[in-house]
Amino acid sequence: MQESSPQHPPAADLRIACVQMAPAMGEVAANVARAGTLVEQAAAQGARLVVLPELANTGYMFESREEAYALAETVPDGPSARAWIALAQRLGIHLVAGIAERDGGRLYNSALVAGPQGYLGTYRKLHLWGDENLYFEPGDLGLPVFHTEFGRLGVAICYDGWFPEVYRLLAMRGADIVAVPTNWVPMPGQTPDGPAMAHALAIAGAHSNGLTVACADRVGIERGQPFVGRSLIVGAQGWTVAGPASHDREEILVAAVDLKAARRARQLNAFNHVLRDRRRDVYDEMLGAGPSPAADRTVT
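If you're wondering where the values come from, they're calculated on a predicted model, not measured in any experiment.

Asker: Quick question: what am I supposed to make of helix α5 (residues 164–172) here?
Answerer: Note that an α-helix has 3.6 residues per turn; residues three or four places apart therefore point the same way. For α5, the buried fraction is high: seven of the nine residues fall into the buried class. Those residues of α5 that fall on the buried side of the exposure criterion are V166, Y167, R168, L169, L170, A171 and M172. Of the residues trailing α5, G174 is marked for its positive phi of about 100°.

As structure tokens, this is what we get:
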């Protein structure tokens, strides 16, 4: 018998959750089960959108392309994808989950997007980091925006956030929220207790584009590689609304956001709007905006 969905707050007070977890390398079934437990806990706290880390089903530190290929699966009909889609349907939530995707002979570092009605689509990471270049193809699906009952949802994965064009193009295509499954690693010069470069980039992307940015990181050390943790959720005016989480523990961040207010707040004052003030007469539209006329009309 299908369980009933938890009671959700109204859409104007959307609760977003970022699940910070520690996937075990290669333990796909256990990782999917652990993620499911944490997603259920987030939904019980009223979350209607839940974000899991990058490659949450497989782990990150592949030793070879052969290992990555063996652990990857097709989307949406692979076992991890089916389990997560069913979870989103059962709980009546939207779920963004990092997954290793196999498409014929090609591999992608991807994110599955599912909702109460089932599978919504896939995002494939555009900007590959480090040894990912040995295993994965750069994403070929662009930057889709998924329309939901609470607003418009975009996705970026980890290193994608280092490119301001990603946030700008999603904003110009009408996104309200950007879900960021991530596996942040320490950057050169970053100290354990000091600021995280990834936070600065997420905050800048949110503030400059009027976007809510929800970053779900992993924790732990995998095959010698430490991960930063410190997941966070940034509101559309660039202020942190949940987190940062710890650097070494599994936990769930939850924040309530008002998307209607966020859209209005893009109008900074009587003169200035974060998106409409772009000087397209000075810089080439292809430097990061490049929207179609239809996408341009969605700016609010």
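Here the narrative resumes.
Asker: What am I meant to see in the pattern of salt bridges here?
Answerer: Inspection of the entire model under this criterion finds 16 salt bridges. R90 serves as the salt-bridge partner of E40, at 2.3 Å between the closest nitrogen and oxygen. Residue E40 is located in helix α1 (residues 28–44), and its partner R90 is located in helix α3 (residues 79–91); the two are separated by 50 residues in the primary sequence. The partner of R106 in a salt bridge is E137, and the shortest N-O contact between them spans 3.5 Å. Placement of the pair is R106 in strand β4 (residues 106–115) and E137 in the loop between α4 (132–135) and β6 (145–147), with a sequence separation of 31 residues. Here E137 falls in the partly exposed class, since its relative accessible area comes to 27%. Here the salt bridges do not stand alone but share partners, grouping E101, D103, R124 and D140 into one network.

Asker: Help me out: how do you make sense of the pairing of β4 in this one?
Answerer: Extensive coverage of β4 is indicated by the burial of nine of its ten residues. The sheet contact formed by strand β3 (residues 94–103) and β4 spans nine bridges and is antiparallel. Residue pairing in the sheet places E101 in a bridge with Y108 of β4. What sits between the antiparallel neighbours β3 and β4 is a turn of two residues, in which G104 has the positive phi angle 65°. Two strands pair when backbone bridges link them, and β4 and strand β5 (residues 118–124) are joined in this way by six bridges, in the antiparallel orientation. Bridging across to β5, A114 finds its partner in Y119. Between β4 and β5, which follow one another and run antiparallel, lie two residues.

Asker: What should I look at first to understand α1 in this one?
Answerer: If you check α1, its first and last C-alpha atoms are 24 Å apart, about what 17 residues at 1.5 Å a residue would give, namely 24 Å. Where α1 is concerned, the buried positions are V28, N31, V32, A35, G36, L38, V39, A42 and A43. Contacts from the buried residues of α1 go to β1 (14–20), β2 (49–51), α2 (65–71), α3, β3 and β14 (251–257). Count one or two residues on from α1 and you reach G46, which has phi positive near 95°.

Procedures and definitions
Residues numbered from 1 in each chain as written. Predicted model: local features only at pLDDT ≥ 70, side-chain atom pairs only at ≥ 80, totals over all residues. Heavy atoms only, no water. Buried < 20%, exposed > 50% of the residue type's maximum accessible area, 1.4 Å probe, protein only. Helix = DSSP H or I, 4+ residues; strand = E, 2+ residues; numbered from the N terminus. Salt bridge = Lys/Arg side-chain N within 4 Å of Asp/Glu carboxyl O. Pairing = 2+ DSSP bridges. Expected span 1.5 Å × (residues − 1). Contact = heavy atoms within 4.5 Å.

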